[in-house]
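# A look at the structure
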Amino acid sequence: MVRKKTNDPLAGLPPWAQKLAQRYYTRTVSTFVLYGAVRDLQPVTKEDGGVDFQNLKQFLSDDLFGGRDHVIFYDRSSGIRASATETQQDLNRALAGYDTLYGTDFAKVMPRDPGRALQILENYLRMRLSDGKSVALVIDFAETIAPAGDMSHLQAEDRFVLATLVKWASDPQFLSGDLSIVLVSENLADLTPRISRNPYVANIEILLPTEDERLEFVKWKLEGKKLQSVSDVSIQALAKITAGLSRINLDRLLTEAMESGHKITADVLKDKKKEIIQAECHGLLEFIEPEYTLDVVAGHAKAKKMLRDASSALKKGRIEVMPMGYLVSGPVGTGKTFLVTCFAGEIGVPCVKFLNFRSQWQGVTEANLEKIFNILKALWPVAVMIDEADAFLGNRDSG
């Protein structure tokens, strides 16, 4: 699929892709880090004005970089692969010349380890840029070749890879040529800061779909089918209630309903959403389903009045008169957790509880928080409870 041709070269691209293209056109950045919902489907505008959806790899190859002479992919598992047969043949010819020059046999068995693969890729990129060609290189699972961590703990190969990527980002030939290097990672915190905080690297987040984008996907998925045969929930309500889900999650939800013949109800949707989001967060979040309201809390009159005023303001949309949060303190056994759980039953928005997101290992806590916050932003409005906050938010050395 290709984008519909208009006077605007960025028309039809998702917001993150437009941002990438705008940074590319400045000619000041050639290296980009894509993070966030990188495993989700991306919308593509077809020639006839319709819409289709592709995974990120297809989108980059066929749509965003569809006009490039050569598009190449690399990751530790698959090694070096070209998006088109012509590029693969050209790459093989270049490898044969490399073998002749350096006495290697890469044309027979192409290496997958980053130490040798990046040398091959750099040689190929420089040759094609010298020929005036336009090239795009996509490195998936970038955190596996340039992981976050202390420099002194890195192996020799990891240091070589890091030095190579940093060098590429500021290389004059790469910056002046028609080249884009895209590093793909789910969490920005999983990448070494020497890449993610490099002034020659542009970090671009792929967000989870908004309500309008979910509505567009649901309509596309159900095209030609009767909604009543799949769901008891209207399309608009389906798009609204599924806040926090990716298009992949939505696709699975709708496909299961169509294949099994069991309709999607509000209760089924609620349970599925809870199951999917908790799985996506790897057990870092837990949904709270309160059975009670503040009416069942005995005592704590001032605290209940304060919380009820907040609940009333929230329901009226007067969030400007509310604090960002509350710190509930007191001795053990005074009902702090129960009070907040009952408050969650009054506010009318989803409520989640932080589980153990902290880690003694460098970068893991930050990566966990990044994952959590991405989900919470998509779930908005949402209430968050951090129980035993003194333990959760203590220092890294605490027992």
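Residues numbered from 1 in each chain as written. Predicted model: local features only at pLDDT ≥ 70, side-chain atom pairs only at ≥ 80, totals over all residues. Heavy atoms only, no water.

## Focus: the packing of helix α12 (residues 301-315) against helix α13 (residues 336-347)
- Remark: α12 packs on α13, axes separated minimally by 9 Å, with the N-to-C direction vectors making an angle of 25 degrees. Here α13 runs roughly parallel to α12, going by the angle between their axes. The handedness of the crossing between α12 and α13 is right-handed. Touching Ala-303, Lys-304, Leu-307, Arg-308, Ala-310, Ser-311, Leu-314 and Lys-315 of α12 are Leu-339, Phe-343, Glu-346 and Ile-347, all from α13.
- Classifying every residue of the contact of α12 with α13 gives seven nonpolar, one polar and four charged. (Axes fitted to C-alpha atoms, helices over the stretch in contact; angles between N-to-C directions. Helix = DSSP H or I, 4+ residues; strand = E, 2+ residues; numbered from the N terminus. Parallel < 35°, antiparallel > 145°, perpendicular 65-115°, else oblique. Left-handed = near helix turned anticlockwise from the far one by under 90°. Contact = heavy atoms within 4.5 Å. Nonpolar A, V, L, I, M, F, W, Y, C, P; charged D, E, K, R; others polar.)

## Re unusual backbone geometry
- The phi torsion at Arg-27 lies on the positive side, around 65 degrees, for a residue other than glycine.
- Take Arg-27: it is sitting in the loop between α1 (15-25) and β1 (31-36).
- Taking the relative accessible area as the measure of exposure, Arg-27 reaches 41% and is therefore partly exposed. (Buried < 20%, exposed > 50% of the residue type's maximum accessible area, 1.4 Å probe, protein only.)

## Focus: the pairing of strand β7 (residues 179-184)
- Counting buried positions along β7 yields six of six residues, so the element is predominantly enclosed.
- Neither face of β7 is left uncovered, since the one carrying Leu-179, Ile-181 and Leu-183 and the one carrying Ser-180, Val-182 and Val-184 both have all their residues buried.
- Two elements, strand β6 (residues 135-139) and β7, share five bridges in a ladder whose sense is parallel. Across the sheet, residue Ala-136 finds its bridge partner in β7, namely Ser-180. (Pairing = 2+ DSSP bridges.)

## A short note on the nonpolar core
- Ranked by size, the top nonpolar core spans 40 residues in total, and within it Trp-16, Leu-34, Leu-64 and Phe-65 carry the most contacts.
- Counting residues per element, this core draws most heavily on helix α14 (residues 364-379), which supplies five residues.
- Excluding anything up to four places from it in sequence, Leu-64 contacts Leu-13, Trp-16, Ala-17, Leu-20 and Phe-59.
- With 38 residues, the next largest nonpolar core counts Leu-125, Ala-169, Leu-188 and Leu-191 among its residues. (Core = buried A, V, L, I, M, F, W, Y, C linked by side-chain atoms within 4.5 Å.)

## Structural notes on a nonpolar patch on the surface
- Nonpolar side chains collect at one region of the surface, where Tyr-292, Val-296 and Phe-338 lie side by side and expose about 280 Å² of accessible area between them.
- Structurally, Phe-338 is set in helix α13. (Patch = residues over 30% accessible without salt bridge, like charges linked within 9 Å, V, L, I, M, F, W, Y side chains within 5 Å. Areas by Shrake-Rupley, 256 points an atom, 1.4 Å probe, with all protein chains shown as cover. Salt bridge = Lys/Arg side-chain N within 4 Å of Asp/Glu carboxyl O.)

## Brief notes about helix α3 (residues 85-102)
- Taking 1.5 Å of rise per residue, the 18 residues of α3 would be expected to cover 26 Å, and the 25 Å separating its terminal C-alpha atoms lies within 8% of that figure.
- Buried residues of α3: Thr-87, Asp-90, Leu-91, Ala-94, Leu-95, Tyr-98 and Asp-99, and no others.
- Taken together, the buried residues of α3 touch β4 (70-75), β5 (79-82) and α4 (114-130). (Expected span 1.5 Å × (residues − 1).)

## Description of the packing of helix α8 (residues 211-221) against helix α10 (residues 247-260)
- At a minimum axis separation of 11 Å, α8 and α10 run at an interaxial angle of 35 degrees. Classified by chirality, the crossing of α10 by α8 is right-handed. Here α8 contributes Glu-213, Arg-214, Phe-217, Val-218 and Lys-221 to the contact with α10, which in turn contributes Arg-247, Leu-250, Asp-251, Leu-254, Thr-255 and Met-258.
- Residue composition of the contact of α8 with α10, by class: five nonpolar, one polar and five charged.

## A few points about the sheet that holds strand β9 (residues 285-287)
- Here three strands make up an open sheet; going across it, the order is β9-β10-β11 and the pairing mixed. The two strands at the open ends of the sheet, each matched to only one other strand, are β9 and β11 (383-385). On average, adjacent strands in this sheet sit at an angle of 30 degrees to one another, irrespective of strand direction.
- For strand β10 (residues 351-354) and β11, the ladder comprises three bridges, and the chain directions are parallel.

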